[in-house]
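Understanding the architecture of this molecule
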Amino acid sequence: MRQVRRSHRRMPIARVVSLLIVAVLAGGCAANESRDDGGEACPPAPSLVRGVGLSPRGMGLTGGLDPASLLAFYEEVAGIGGSAVLWNGAWRDDAAGGADAGAVPAGPRAVASEASERCFTPVPVFGWRSGEIPLIRTASDPANDWTNADARQRYASMLGTFAAEYQPPYVFLGNENDFYFEQAPEDYARWVVAYDEAYDAIKAASPQTLVGPVFNYEHLAGLGGLNGWSTPLWGALDAHDLTKVDIVGLSLYPFFGTAEPSAVAVDYLEPLSARIGGRPIAITETGWPAEHPAGFTAPWSAGEQAQVAYVERLTALLDGRDVRLANWLLLHALRDSGPESQAWQVFGSVSLRDAAGERRPAYEAWFARP
């Protein structure tokens, strides 16, 4: 069985939704607040906001995007109404070197500004890893782990600045942090200290913002047996002081453990719910593949009807739970990266539109309102 290795799985997906560091940087307030340009306030968001990752047509794992596609993406999301856009990327534009650590990166600024103008919910995830490589070192301190006090201070300061400027409804800190818990448990404990400092900075600047970490649920709960993830890693969650977790973010891909959508248990999220004391959940990424590329063999099903079945199953397992957000990974299919790209093979078709730009059947199912 072919597995999605962590080093391949983690880095490209963070890049999928953060490749577009664009020059749409005009200031603005958060969605669902009064606009500062004299326009009408955005309508209230639905109780469960269904959105997508930042994924205009033509986007690939290595960038190269026509700006017109980005504009069309934002216009489409705005036209849906009551939706969201996930931005998931590094906490500084100089991701590896950190020369600009402490400055708010361009990507979340752009999405937050567009959210204000177009009345969707921005969902920023400020990551600090590329695969198994931390993105922590700064110009002042080469330590590439959370012993780096300069990085901790700059991370918190940047987030406080972002929160003060945009008053965002949500901020998520770190992406799929359970992998780092497995990789470096001693430094993970230091990360939790950095998380707490960042939490305090955000709440001081924007008390109403809900702040939380992000975990991959199948890996965290040991429910990804089809991908070799059978050992629970609840210590990644238990290490947190839950008084500083307002909301728990999840990337949710049940196909890593269950071959058919219909076989996903309705109580799939119960092991998490039993641990978080009634806190709300945000599904930062989810979806089901529509295709298996030629030459790629996987133990889970794929197909457009499988996507529709997954939407129906997900709706059932979310029923009765306090879930505030759910983002389908991609609006548009990723540009073909070839058979050597495992990330593209697995995730390139986890999209609501196909490679030709046509709506898949799951599009209507995903954005339908209860």
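Structure shown above.
Summary of the structure given here. (Residues numbered from 1 in each chain as written. Predicted model: local features only at pLDDT ≥ 70, side-chain atom pairs only at ≥ 80, totals over all residues. Heavy atoms only, no water.)

**What about the overall build of the chain?**
- For the chain, the helix and strand inventory stands at 12 helices and 10 strands.
- Sorting the 370 residues of the chain into buried and exposed places 57% on the buried side.
- Pairs at least 24 apart in sequence give 76% of the contacts found in the chain among residues at least 6 apart. (Helix = DSSP H or I, 4+ residues; strand = E, 2+ residues; numbered from the N terminus. Buried < 20%, exposed > 50% of the residue type's maximum accessible area, 1.4 Å probe, protein only. Contact = heavy atoms within 4.5 Å.)

**Some points on the sheet that holds strand β2 (residues 84-90)**
- Sheet architecture is closed into a barrel: 8 strands sit in the order β1-β2-β3-β6-β7-β8-β9-β10, paired in parallel fashion. Neighbour to neighbour, the strand axes of the sheet diverge by 25° on average, direction disregarded.
- Of the strand pairs in this sheet, strand β1 (residues 49-53) and β2 are connected by 2 bridges, and their pairing is parallel. Across the sheet, the residue bridging to Val52 is Val85, located in β2.
- Across the sheet, helix α4 (residues 149-166) is in contact with β3 (121-127) and β6 (170-173); its angle to β3 comes to roughly 170°. (Pairing = 2+ DSSP bridges. Axes fitted to C-alpha atoms, helices over the stretch in contact; angles between N-to-C directions.)

**Brief notes about the pairing of strand β8 (residues 248-252)**
- Taking burial as the measure, the 5 residues of β8 include 5 buried ones, the bulk of the element.
- Neither face of β8 is left uncovered, since the one carrying Val248, Leu250 and Leu252 and the one carrying Gly249 and Ser251 both have all their residues buried.
- The pairing of β8 with strand β9 (residues 281-286) spans 5 bridges and is classified as parallel. Across the sheet, residue Ser251 finds its bridge partner in β9, namely Glu285.

**Some remarks on the pairing of strand β10 (residues 323-328)**
- Counting buried positions along β10 gives 5 out of 6 residues, so the element sits mostly inside the fold.
- Of the pairings in the sheet, the one linking β1 to β10 comprises 4 bridges and is parallel in character. Bridge assignment links Val52 to a residue of β10, and that residue is Trp328.
- With 4 bridges joining them, β9 and β10 adopt parallel strand pairing. Its bridge partner being in β10, Thr286 is matched across the sheet by Trp328.
- Crossover β9 to β10 through helix α10 (residues 304-318) is right-handed. (Right-handed = clockwise from strand over helix to strand, strands pointing away.)

**Focus: the pattern of salt bridges**
- Here the structure, examined in full by the defined rule, presents 14 salt bridges.
- For Glu197, the salt bridge is made with Arg152, and the minimal N-O distance between the two is 3.5 Å. Of this pair, Glu197 sits in helix α6 (residues 185-205) while Arg152 sits in helix α4, placing them 45 residues apart in sequence.
- A single salt-bridge network, built from bridges that share partners, covers Glu186, Asp187 and Arg190. (Salt bridge = Lys/Arg side-chain N within 4 Å of Asp/Glu carboxyl O.)

**A word on the packing of aromatic side chains**
- Under the defined criterion, the tally for this structure stands at 33 aromatic pairs.
- When the centroid spacing of 4.9 Å and the interplanar angle of 90° are considered together, the rings of Trp128 and Tyr180 count as edge-to-face. Here Trp128, found in the loop between β3 and β4 (129-130), pairs with Tyr180, found in helix α5 (residues 178-183); they are 52 residues apart in sequence, far enough to count as distant.
- The exposure class assigned to Tyr180 is buried, which follows from its relative accessible area of 3%.
- Through successive ring pairs, a cluster of aromatic residues spans Phe179, Trp229, Tyr253, Phe255, Phe256, Trp288, Trp300, Tyr310, Trp328, Phe347 and Trp366.
- The residue whose ring lies beneath Arg50 is Trp366, and the NZ or CZ to ring-centre distance is 4.8 Å. (Phe/Tyr/Trp six-rings, centres within 6.5 Å; stacked < 30°, edge-to-face > 60°. Lys NZ or Arg CZ within 6 Å of the ring centre and 35° of its normal.)

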